Amino acid sequence: MRKILIVLGVFFSLSMMGQTTQEAKMQKMGVQIGVDSSSFSGRTFLKRLFVQKGTWGFGLQGTYLSTKGSDSNILMLLTGLNGGISYGSISPSVSYAYAPNLACGVRLNYTGADGVVDEALFDLMNDGLSFPLSGLKMSMRSVGVSLFHRFWMGLDDRGRCALFLDGVLSASRSRLYSSGYTDTRRYALSLCPGFEVFVMNFLSLQLSLGLASGYFVDSKVYDDAGTQIGGSRDWKAGTGLNLLDLNFGLTFYL
């Protein structure tokens with residue numbers, strides 16, 4: 001009986017020590033780690049700790065869009081749509097915080113889209129381009145990998161909420177099937193701001209979107225027999241909100 005009590009006492013002591021260490025660690029979150037001053041506005045911004053140095057993050061992001069029916073609009077590009085289109089992507093990632101509120105990591109991406117358009121009007125308002133579509137069936141698959149660097153700006157003294165900015169260098173390959181197929185390679189450099197909140201001490205939810213990017217696209221068009229019938233190479237850059245780059249995700253921190 002005495003041995004059992006001794007074992008239980010040691011186990012309880014170790015548990016309390018672990019809990020105390022965890023609480024001490026969590027108390028550090030949200031503390032001030034520096035001050036940024038703006039010479040232009042004269043304002044100061046507190047730097048609050050959100051992710052500690054040496055922290056590993058294992059994340060998962062995703063996007064899904066689906067529309068069916070008649071007389072629908074998709075992102076103000078396809079109007080009067082009669083048919084259905086579905087689009088989805090999933091992106092697992094791993095990151096390491098090499099300094100407080102600074103991390104680098106790698107992300108994999110898989111994207112798929114399928115659609116049937118019986119009738120629609122494609123209207124690219126910014127370029128003044130408009131033409132009808134009918135009897136269109138398409139399927140797209142894409143895989144890619146990206147390297148990213150993330151900076152957090154803590155918003156509260158408990159270290160629960162933060163804004164972040166990702167710099168992303170990515171490469172992807174996609175294939176679009178529709179009366180033959182188009183093979184595309186894309187290399188991009190992007191800026192993606194977002195918001196992150198800890199819902200548990202080790203689990204956060206986040207929302208991010210693509211805001212600006214510059215990219216190189218190499219596309220080749222093939223017919224049903226696999227013979228190349230066309231292609232293009234193009235450099236592009238731009239800013240703006242793209243709803244297909246709106247991502248919801250979660251991250252486990254260890």
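Residues numbered from 1 in each chain as written. Predicted model: local features only at pLDDT ≥ 70, side-chain atom pairs only at ≥ 80, totals over all residues. Heavy atoms only, no water.

With that settled, the discussion passes to the confidence of the model for the protein chain. Confidence in the prediction of the protein chain, expressed as mean pLDDT, is 78, and 67% of residues score 70 or more. Averaged pLDDT values for the elements of the protein chain fall to 45 in helix α1 (residues 2-27) and rise to 95 in strand β9 (residues 203-208). Under a pLDDT of 50 for its full length, residues 37-41 has, in the predicted model, four contacts with residues more than four places off or in other chains. (pLDDT = per-residue confidence, 0-100. Helix = DSSP H or I, 4+ residues; strand = E, 2+ residues; numbered from the N terminus. Contact = heavy atoms within 4.5 Å.)

The subject of this paragraph is empty space enclosed by the protein. Scanning the entire structure with this criterion turns up one cavity of 30 Å³ or more. Of the pockets and cavities examined, the largest cavity occupies roughly 110 Å³. For the lining of the largest cavity, the secondary-structure elements that each account for two or more residues are β3 (56-74), β4 (78-99), β5 (102-124), β6 (129-154) and β12 (247-253). Take the lining of the largest cavity: its biggest share by element is five residues, from β3. Along the lines of polarity and charge, the residues of the lining of the largest cavity split into six nonpolar, seven polar and two charged. (1 Å grid on protein atoms, 1.4 Å probe; cavity = no way out; pocket = protein on both sides within 12 Å on 5 of 7 lines; lining within 4 Å. Points joined across faces, edges and corners; volume = space filled by probe spheres on them. Nonpolar A, V, L, I, M, F, W, Y, C, P; charged D, E, K, R; others polar.)

Quick look at the pattern of salt bridges now. Under the definition given, this model contains nine salt bridges. Ionic pairing is found between Arg 150 and Asp 166, a salt bridge with its closest N-O pair at 2.7 Å. With Arg 150 in strand β6 and Asp 166 in strand β7 (residues 161-177), this pair connects stretches of sequence that are 16 residues apart. Exposure remark for Arg 150: the relative accessible area of 4% places this residue in the buried category. Judged by its relative accessible area of 3%, Asp 166 is buried. The closest approach of N and O atoms between Asp 183 and Arg 175, which form a salt bridge, is 3.2 Å. By relative accessible area, which is 4% here, Asp 183 ends up buried. Overall, the relative accessible area of 26% leaves Arg 175 in the partly exposed class. Connected through shared salt-bridge partners, Arg 107, Arg 150, Asp 166 and Glu 196 make up one network. (Salt bridge = Lys/Arg side-chain N within 4 Å of Asp/Glu carboxyl O. Buried < 20%, exposed > 50% of the residue type's maximum accessible area, 1.4 Å probe, protein only.)

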